[in-house]
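Fold and geometry: a report
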Amino acid sequence: MPSASTQPSLILTVEAAPPAQPLSLWYRKPAAQWLEALPVGNGWLGAMVFGGVEIERLQLNEESVWSGGPQEADNPGALAALPEVRQLLFDNKSAEAEKLAQEKMLCRGVGSGYGTGSKKPYGSYQTLGDLTLAMRYGEADLPLQVAQYRRELDLDSAIARTSYAIGGTTFTREVFSSCPDQVLVMRISADRPGKISLCIQLTRHERFTTTKSGENGLIMSGQLFNGTDDNGMKYLARVRAIPTGGKMRAEADSLFIDDADSVTILLAAATDHLPVPPYRGKEFEKLTADQINAAAKFSFDELRKRHVEDHQSLFRRAQLHIADQPSRPTDERITDVENHTNDHALAELLYHYGRYLLISSSRPDCLPANLQGIWGDGVQLPWNCDYHTNANINMNYWLAETANLADCYPPLHELIANMVKPGTATAKTHYGTRGWTVHTIHNVWGYTSPGEGVGWGLFPLAGPWMCQHLWEHYAFSADIEYLKKAWPIMKSSAEFALDFLVTDPKRGWLLTAPSTSPENDFKIGSVKHSLSYGVTIDLEIIHDLFTNCIAASKALDSDSDFAKQLSDALAKLAPMQIGKFGQLQEWIEDYDEADVHHRHISHLFGLFPGKQITPNRTPKLLKAARTTLERRGDEGTGWSCAWKACWWSRLGDGDRAHNLVLNMLRPADKSSHPGEWRGGSYPNFFCAHPPYQIDGNFGIVAAINEMLVQSHDDQITLLPALPSAWPIGQMHGIRARGGFEVSLDWKDGKLASATIKSTSGNPCKIAYQEHTAEFHPVAGSSIRIDSQLKAS
Ligand code: FUC
């Protein structure tokens, strides 16, 4: 079988019409590289569909396929060094403090290997392998004359479709990953009988054996490296082909089908690792067999119907319309963004794509979306494709509530719950505290120790940040039963924070020491440092956690003494400060940043995703936050641009936020390299850090929601940052805190009408420009209001 990369050339003739479904990504040629292929997924089983004519490649992923294994990485010597590191910091001996912390306070072992964990105990997320179909077209002359070629990803039905005609026969392939039936499904059909002939194989970059399974199936299995020996995770993928008409035979590691009318292919996969029930575990071989047997009982049309219903129950909950989709291929539209074509419908498509990607990579009983969701080719993926907790996994879920996808949130909540046990050991060993925490990197093996470099790895406040996600689910849903379950995790995190706080000997403030402002350095003279104390983001995270815990204790009517301890600590917490440029200070002293354009602007946590800095409560800090953003500028990696769009929305500046949306849409600069990172979109609309990182795809959806509706300042604010580029539009189904669902439409840049549906029965205050109104809806009712906020 020829490999996908040596595909013989084709001649593409007559152009295809655009797809019927306007919310589609579509292209006029097969994907030549991974970043052109189209993703499908059911939360845990994914494929990148290339749409080749002679060779079709589906690069496969199963979300738990990880090398590495569990390890003891906490450093037993860390705690002894803590008092000296603190003292050195308080004495302004940053270099000495940093040196000591690097030697004594980081993880034991090599940690993540600075992003090269695949051969280390830390491990790396990896590809599952490739499903390859070598198509044969009978007597057709070479090179093949291919008419009306089109491949597309229909976001509304979550189906990747490839269609083309050869010698008068039209071939169609449809691929989807079914959540209800837990298999990947592919259907190959033709509009004439007996035209489908192909060979099916399952392969992997390394560590695999494929054998036939009966006369209609293949099994690929293997065991990964665990960083010390070959006894790592076991995985298995199973394929079954179901042709109608024609003949099928299995030989060694291949299935051959000749002259069929159509072929349905089912694929199931699992590992023996059990991060979350019920999908995986020791029974993984049986599980995959059961999944295939169960799915094979349905016809293709039934499988498709069940999948589409399931997907649309989530995808159709939120809608946004700002412009009609033009009938041009997606890659051409992205290329044109640099030419200022004002293709506002492309922003709308990016919005829907982000929602599609979350539905496809994060479902209950799965792992949360990692740095690339669930999609990744290779055995060493960028940054091990793990869970980074200082911007990335956090951003992955900022859209979950506002985009009405709370059903996709549980995987993160589950991951956080699973951090508590290892994170309790880490907190005790490293800092001698109660409670739990995690640092910058986390993997499926429960890694919570500080990473191997002080400048990025020593971020003890990542655990308290994670707890924001627990509170936010309650804030949006008002689900008290959920809060009861989340409370012990939040409380334990607050105990960690209480114990970790120390009194600054100079100023008497309570603050954190040691810590870093994630990944940014400051300068003293010409020398760069990263380790500091009382860094602004720590104070903001603690404010967020403690205020959320105080509110939780009130809502639950429990732990009032503990809540009192938290309010007392808050009263003594170091304040946020304004520096010499009028900017919000990033560190305890008004140091200069080593890189004034640094992608991380962690000290704006209080503006977003926090709620400490608001126009009503802290106007001076709000102004300082604006100055900080002005100084940093609008360039940056994909996720950095998305976060900036969130901040500009919170500042009420829709045009600046929109500028960042445009940065996300422009073609990814392939010549970029570290040091010159510039975000944008790849041809398949994956967000470029670069390299590809999914956080930008998710973050920009959160930002667009913040442009249209905000609900963090004890009111629901309508159109707080509507850009002038979108004078007319409608949006439906955005969630707001307190238990509300908001739909609205606008004309000439002004609110026309809005509908607020209550799901909780809480009172609500609405604001639009100078108008405010208060309503007391009963749960399940809706209020329709006009541009003056008068109920109609
Ligand atoms: C942090 C960020 C990088 C990247 C990586 C996965 O280290 O600073 O920009 O997103 O995570």
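Everything below is about the structure printed above this text.
Residues numbered from 1 in each chain as written. Predicted model: local features only at pLDDT ≥ 70, side-chain atom pairs only at ≥ 80, totals over all residues. Heavy atoms only, no water.

What follows deals with the site of the ligand. Looking at the ligand, the residues that line it are Leu371, Trp383, His388, Asn392, Glu519, Arg599, His600, Trp639, His689 and Gln693. At a separation of 2.7 Å, an oxygen atom of the ligand approaches a polar side-chain atom of Arg599. Partitioned by chemical class, the residues of the shell around the ligand number three nonpolar, five polar and two charged. (Near = heavy atom within 4 Å. Polar contact = N/O pair within 3.5 Å; in protein donor to acceptor, adjacent residues only side chain to side chain. Nonpolar A, V, L, I, M, F, W, Y, C, P; charged D, E, K, R; others polar.)

Another point: helix H9 (residues 410-431). Compared with the 32 Å implied by 1.5 Å per residue over 22 residues, the 29 Å span of H9 between its first and last C-alpha is a close match. The largest bend along H9 reaches roughly 40° and is located at Lys421, with the proline Pro422 sitting one to four residues downstream. Within H9, burial applies to Pro411, Leu412, His413, Leu415, Ile416, Met419, Gly423, Thr426, Ala427, His430 and Tyr431. At its buried positions, H9 is contacted by helix H1 (78-90), strand S19 (387-388), helix H7 (392-396), strand S20 (441-442), helix H11 (462-477) and helix H12 (480-500). Remark: Gly432 follows H9 within two positions and exhibits a positive phi of approximately 65°. (Helix = DSSP H or I, 4+ residues; strand = E, 2+ residues; numbered from the N terminus. Expected span 1.5 Å × (residues − 1). Bend = angle between axes of the 7 residues up to and from the residue. Buried < 20%, exposed > 50% of the residue type's maximum accessible area, 1.4 Å probe, protein only. Contact = heavy atoms within 4.5 Å.)

Attention now goes to the packing of aromatic side chains. A full pass over the atoms with the stated rule returns 32 aromatic pairs. Ring centres of Trp465 and Phe605 lie 5.2 Å apart, and the angle between their planes is 85°; on these two criteria the pair is classed as edge-to-face. Of this pair, Trp465 sits in helix H11 while Phe605 is found in the loop between strand S25 (592-593) and helix H15 (619-632), placing the two residues 140 residues apart along the sequence. Exposure class is identical for Trp465 and Phe605. Each is buried. Judged by centre distance (5.4 Å) and plane angle (15°), the ring pair of Phe496 and Phe500 falls under stacked. One end of the pair is Phe496 and the other is Phe500, both in helix H12 and four residues apart, which spans about a single turn. Here the aromatic cluster, defined as three or more aromatic residues joined through ring pairs, consists of Trp398, Phe459, Trp465, Phe605, Phe608, Trp639, Trp643 and Trp647. (Phe/Tyr/Trp six-rings, centres within 6.5 Å; stacked < 30°, edge-to-face > 60°.)

A word on the sheet that holds strand S23 (residues 522-524). Strand order across the open sheet formed by three strands is S24-S23-S25, with antiparallel pairing between neighbours. Of all strands in the sheet, those bounded by a partner on one side alone are strand S24 (527-529) and S25. (Pairing = 2+ DSSP bridges.)

Quick look at unusual backbone geometry now. Looking along the chain, the bond that leaves His689 and enters Pro690 is cis, with omega of -10°. Cis rather than trans, the peptide bond between Pro690 and Pro691 has omega equal to 5°. Backbone geometry places Gln182, a non-glycine residue, at a positive phi of 60°. Turning to its location among the elements, Gln182 is positioned in the loop between strand S9 (169-178) and strand S10 (183-190). You will see that Asp259, though not glycine, has its phi angle at about 55°, which is positive. Its location among the elements puts Asp259 in strand S16 (residues 254-260).

Take the sheet that holds strand S15 (residues 247-251) next. Pairing is antiparallel across the open sheet formed by seven strands, whose spatial order is S3-S4-S5-S6-S11-S16-S15. Among the strands making up the open sheet, the edge pair consists of strand S3 (38-41) and S15. Across the sheet, the mean angle from the axis of one strand to that of its neighbour is 20°, orientation sign disregarded. Two elements, strand S4 (residues 45-49) and strand S5 (residues 55-62), share five bridges in a ladder whose sense is antiparallel. Within S5, the position partnered with Leu45 by the bridge is Glu62. (Axes fitted to C-alpha atoms, helices over the stretch in contact; angles between N-to-C directions.)

Purely spatial values, then, with no claim about function.
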